[in-house]
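Chain and residue survey
So you can see what is in the structure, the chains are spelled out below.
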Amino acid sequence: MKVLSVVAVMLTFLFVGNANAQTLKVGVVDLEKIVTEMPEFKKSEKELEVLRNKYTAELETRSKQFQSDVSDYQKQKSMMPVTQQQSTEQKLQQTQMELQQYQMEKFGQQGEISTKRMEALKVLEEKIMDFIEKVAKKEKLTLVLNKKLGVLYADNKFDITYKVLDIIKTGK
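A quick note: this is a predicted structure, and the numbers were derived from the prediction, not measured.

Quick look at the overall build of the protein chain
Per the secondary structure count, the protein chain includes seven helices and two strands. Looking at the protein chain residue by residue over its 172 residues, the buried ones come to 27%. Considering only contacts in the protein chain between residues 6 or more positions apart, those separated by 24 or more positions represent 78%.

Following this line, the structure appears as structure tokens:
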């Protein structure tokens, strides 16, 4: 579907007025490459890794304590009155639910790590779009396409990825 959209946009530019068709200048950019080479992305990924390690260690500590509590309960269960057994089982179930909730809050799709990553990518995306716009204006491009989304073929002379990376690195 995206390919059809890109083709439709290109055909529109080609067939809307002869003067415009002759001045069509296309650039292609590899957004994935730009993102992964940006220092801000690398820094953000390192920060997320530190956070992920912190939460993983906390989860492991809690899980070990829970397993120890379950083991202790199983050893002592036969000596406990029924009411104490029920109370202990409820506490263990509550602890297990808290562990699962912690895991979802930190590592789930809507969890803290995922949310922070999406926020960082959004900021990067805005910066990248500004840099792409600068290159497009400097190169007098009519249209800039994402190489990974719908471009079946692009001559390398249209690829402005490295020009965008140069502007990011030099700040000009």
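This is not the end of the story, as more comes after the structure.
Some points on the pattern of salt bridges
Counting across every chain of the model gives eleven salt bridges. Note that Glu49 is salt-bridged to Arg52, the shortest N-O span being 3.3 Å. Of the two residues, Glu49 and Arg52 both sit in helix 4 (residues 39-76), three residues apart, roughly one turn of that helix. On the accessibility criterion, Glu49 (36% relative accessible area) is partly exposed. Judged by relative accessible area, which is 27%, Arg52 ranks as partly exposed. Notably, a salt bridge pairs Glu58 with Arg62, separated by 2.8 Å at the nearest N-O pair.

Here we look at helix 4
Between its first and last C-alpha atoms helix 4 spans 55 Å; for 38 residues at 1.5 Å apiece the expected length is 56 Å, and the two agree. Looking only at helix 4, the buried set comprises Phe41, Ser44, Leu48, Leu51, Tyr55, Leu59, Phe66 and Tyr73. Of the surrounding secondary structure, the elements contacted by the buried residues of helix 4 are helix 3 (31-37), helix 5 (82-107) and helix 6 (112-138).

A short note on the packing of aromatic side chains
Under the definition given, this model contains one aromatic pair. Seen from their ring centres, Tyr55 and Tyr102 are 6.3 Å apart, and the 85° between their planes marks the pair as edge-to-face. Taken as a pair, Tyr55 in helix 4 and Tyr102 in helix 5 lie far apart in primary sequence, 47 residues in all. As far as the burial class goes, Tyr55 and Tyr102 line up, both buried. The cationic tip of Arg62 hangs over the ring face of Tyr102; the distance from NZ or CZ to the ring centre is 4.3 Å. In this arrangement the basic side chain of Lys106 is found over the ring face of Tyr55, its NZ or CZ atom lying 4.5 Å from the centre.

So, the nonpolar core
Counting residues in hydrophobic clusters, the biggest one holds 17 residues, and the most contacted among them are Val29, Ile34, Met38, Ile128, Ile160, Val164 and Ile168. Of all the secondary structure elements, the ones that give two or more residues to this core are helix 3, helix 6 and helix 7 (161-170). A total of six residues in this core trace back to one element, the largest contributor, which is helix 6. Contacts of Ile160, omitting those with residues within four sequence positions, involve Val28, Val29, Val135, Leu141 and Val144. Counting residues in hydrophobic clusters, the runner-up holds eleven residues, among them Tyr73, Leu92, Leu99 and Tyr102.

Some thoughts on helix 5
With 26 residues, helix 5 should cover 38 Å at 1.5 Å per step; its first-to-last C-alpha distance of 37 Å lies within 8% of that length. Where helix 5 is concerned, the buried positions are Gln85, Thr88, Leu92, Leu99, Tyr102 and Lys106. Each element contacted by the buried residues of helix 5 is listed here: helix 4 and helix 6.

Quick look at the packing of helix 4 against helix 6
Contact geometry of helix 4 with helix 6 gives a least axis separation of 10 Å together with a crossing angle of 175°. In terms of orientation, helix 4 lies roughly antiparallel with respect to helix 6. Each of Glu40, Phe41, Ser44, Glu45, Leu48, Leu51, Arg52 and Tyr55 in helix 4 lies in contact with helix 6, whose residues at this interface are Glu112, Ile113, Lys116, Arg117, Ala120, Leu121, Leu124 and Lys127.

Conventions adopted
- Residues numbered from 1 in each chain as written.
- Predicted model: local features only at pLDDT ≥ 70, side-chain atom pairs only at ≥ 80, totals over all residues.
- Heavy atoms only, no water.
- Helix = DSSP H or I, 4+ residues; strand = E, 2+ residues; numbered from the N terminus.
- Buried < 20%, exposed > 50% of the residue type's maximum accessible area, 1.4 Å probe, protein only.
- Contact = heavy atoms within 4.5 Å.
- Salt bridge = Lys/Arg side-chain N within 4 Å of Asp/Glu carboxyl O.
- Expected span 1.5 Å × (residues − 1).
- Phe/Tyr/Trp six-rings, centres within 6.5 Å; stacked < 30°, edge-to-face > 60°.
- Lys NZ or Arg CZ within 6 Å of the ring centre and 35° of its normal.
- Core = buried A, V, L, I, M, F, W, Y, C linked by side-chain atoms within 4.5 Å.
- Axes fitted to C-alpha atoms, helices over the stretch in contact; angles between N-to-C directions.
- Parallel < 35°, antiparallel > 145°, perpendicular 65-115°, else oblique.

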